[in-house]
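Observations on the three-dimensional arrangement
Listed below are the residues making up each chain.
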Amino acid sequence: MAHMHFIDADRLRAAIRYLVAGFGSEPREIELVTENLVQANLTGHDSHGVGMLPRYAESLREGGLKPNAHIEMRMDSGAMIGLDGQSGFGQVIGHEVMELGIERAREHGSCIIGVANSHHLCRIGAWAEMAVAQGLVSIHFVNVLSRPIVAPWAGGDARFGTNPFCVGIPVKGENPILLDFATSVIAQGKARVAHNKREPLAEGQLIDHEGRPSTDPAYAVHPPYGALRAFGEHKGYGLALVCEILGGALAGGMTQRQPADGRRRVVNGMLSIIFDPSRLADESVFEREMKGFLAWVTDSPRQHGHDRVRVAGEPEREYRAKRLADGVPVDENTWKELLSTCDQLNLDRAEFARKAGVV
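In this report, the structure presented in the accompanying data block is examined. (Residues numbered from 1 in each chain as written. Predicted model: local features only at pLDDT ≥ 70, side-chain atom pairs only at ≥ 80, totals over all residues. Heavy atoms only, no water.)

A few words on the overall build of the protein. A count of helical and extended segments in the protein gives eleven helices and 13 strands. Its C-alpha radius of gyration of 20 Å places the protein within 12% of the 21 Å reference for a compact globule of 359 residues. By residue count, 53% of the 359 residues in the protein fall in the buried class. For the protein, contacts bridging at least 24 residues in sequence account for 69% of all contacts bridging at least 6. (Helix = DSSP H or I, 4+ residues; strand = E, 2+ residues; numbered from the N terminus. Rg over C-alpha atoms; globule rule 2.2 N^0.38 Å. Buried < 20%, exposed > 50% of the residue type's maximum accessible area, 1.4 Å probe, protein only. Contact = heavy atoms within 4.5 Å.)

The structure is reproduced here in structure tokens:
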């Protein structure tokens, strides 16, 4: 297992701000990108955290990522909006999409909003968090245009991306329900993290370049490429298809239909549905039934090997509390990649390390 650095969250923010500034980003973009990535690490999703920056730098060099880009309106009919992300940082594009969608949902009761051509939107749960903070429900279907990395059910090679699906539901006076997952068994970034940490994947998550089961994460990271599997066999595959059609063909105007071409960009299309539940149903009945059901579910006797029943969003909150107290773990290989990214962006490695508190 690779050596781990445990970095204080505020120190990590300072170091990542320094690194993101090297992309030529304006101050607001620096803050949005930094906070989004650090929050991904804090919630336990290292696959979508600061370890993405080396890939972003490669995409910048290729021209696939455009710093300081913003959403552009393609279609506006009030409660239905079409946008173009202009290859901008997904952390900025996603934030702007949700700000506009929340505003329209407040006005009309609901909003369907599609965004095309955004660079990596990162952890989709971050966008649902924006909606639930305003008392709104949000549903997100996302496709991924990059190297194909997930095999269809019964297929022997990769044909599409990890295609995330996400739902956020506010719970009055309590923590929200936040369901956010890749339609693959694991996110591609988790294979990268396992590879960097020199750890095997669990059985059933991956096939090699000949379509055989494997636990070696290298098949998801470098040639000869294998493929991740969709979760739940045909069920996850079916949901991935829906994400590709709604997030890609409909919202994004682009679907995955080509083999790997070596480019490092990550382009997302996303269809989001945002609505005010109080405009649809009696709020008191909704709250009563939802809270009653959650209490019923979580009161189930614990299964052997588990401490209790949790609901979507709880593991992330537990991770955040632990990592705020103990520091954010960054494995040695990811750390070396971040230092190399400093070189690519003409930044001082020593200054980056000093800001992070790593000596």
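The next thing to look at is the nonpolar core. Counting 35 residues, the largest nonpolar core has Leu 19, Phe 23, Leu 37, Leu 53, Tyr 56, Trp 335 and Phe 352 as its most contacted members. Listed by contribution, the elements that provide at least two residues to this core are helix H1 (9-21), helix H2 (27-42), helix H3 (53-62), strand E13 (328-331), helix H10 (332-344) and helix H11 (349-356). Residue contacts for Leu 19: discarding those within four places in its chain leaves Leu 53, Leu 338, Thr 341, Cys 342, Leu 345, Leu 347 and Phe 352. (Core = buried A, V, L, I, M, F, W, Y, C linked by side-chain atoms within 4.5 Å.)

Let's shift gears to the packing of aromatic side chains. Any pair of aromatic rings gets described here by the distance separating the centres and the angle formed by the planes. Taken as a whole and judged by the stated rule, the model has seven aromatic pairs. Aromatic pair Phe 165 and Phe 181: ring centres 5.8 Å apart, planes at 55 degrees, arrangement tilted. With Phe 165 in strand E7 (residues 165-169) and Phe 181 in strand E8 (residues 177-181), this pair connects stretches of sequence that are 16 residues apart. By relative accessible area, Phe 165 is classed as buried at 14%. Since its relative accessible area comes to 25%, Phe 181 is described here as partly exposed. The ring of Tyr 225 has Arg 147 sitting right over it, with the charged end atom 3.7 Å from the ring centre. (Phe/Tyr/Trp six-rings, centres within 6.5 Å; stacked < 30°, edge-to-face > 60°. Lys NZ or Arg CZ within 6 Å of the ring centre and 35° of its normal.)

It is worth spelling out the side chain of Gln 256 at this point. In this structure, Gln 256 sits in the loop between helix H7 (234-252) and strand E12 (267-275). By relative accessible area, Gln 256 is classed as buried at 13%. At 3.3 Å, the side chain of Gln 256 forms a polar contact with the backbone nitrogen of Ser 146. Residues contacting Gln 256, with those up to four places away along its chain left out, are Val 144, Leu 145, Ser 146, Pro 148, Arg 159, Phe 160 and Glu 244. (Polar contact = N/O pair within 3.5 Å; in protein donor to acceptor, adjacent residues only side chain to side chain.)

Taken in spatial order, the four strands line up as E6-E11-E9-E10 in an open sheet, and their pairing is mixed. Only two strands of the sheet have a single neighbouring strand rather than two, namely strand E6 (150-151) and strand E10 (213-214). Sheet topology note: the E6/strand E11 (residues 227-229) ladder contains two bridges and is parallel. Along E11, the bridge assignment pairs Val 150 with Leu 228. (Pairing = 2+ DSSP bridges.)

Within a sheet, each strand pairs with its neighbour through backbone hydrogen bonds, oriented either parallel or antiparallel. Ordered in space as E2-E3-E4-E12-E5-E7-E8, the seven strands form an open sheet in which the pairing is mixed. The open sheet has two free edges, formed respectively by strand E2 (72-76) and E8, since each of these has just one partner strand. Across the sheet, the mean angle from the axis of one strand to that of its neighbour is 15 degrees, orientation sign disregarded. Judged from the eight bridges that link them, strand E4 (residues 110-119) and E12 form a sheet pairing that is antiparallel. By the bridge assignment for E12, Val 115 is matched with Met 270. Packing against the sheet, helix H5 (residues 125-132) makes contact with strand E5 (137-145), E7, E8 and E12, and its axis sits at approximately 20 degrees to E7. (Axes fitted to C-alpha atoms, helices over the stretch in contact; angles between N-to-C directions.)

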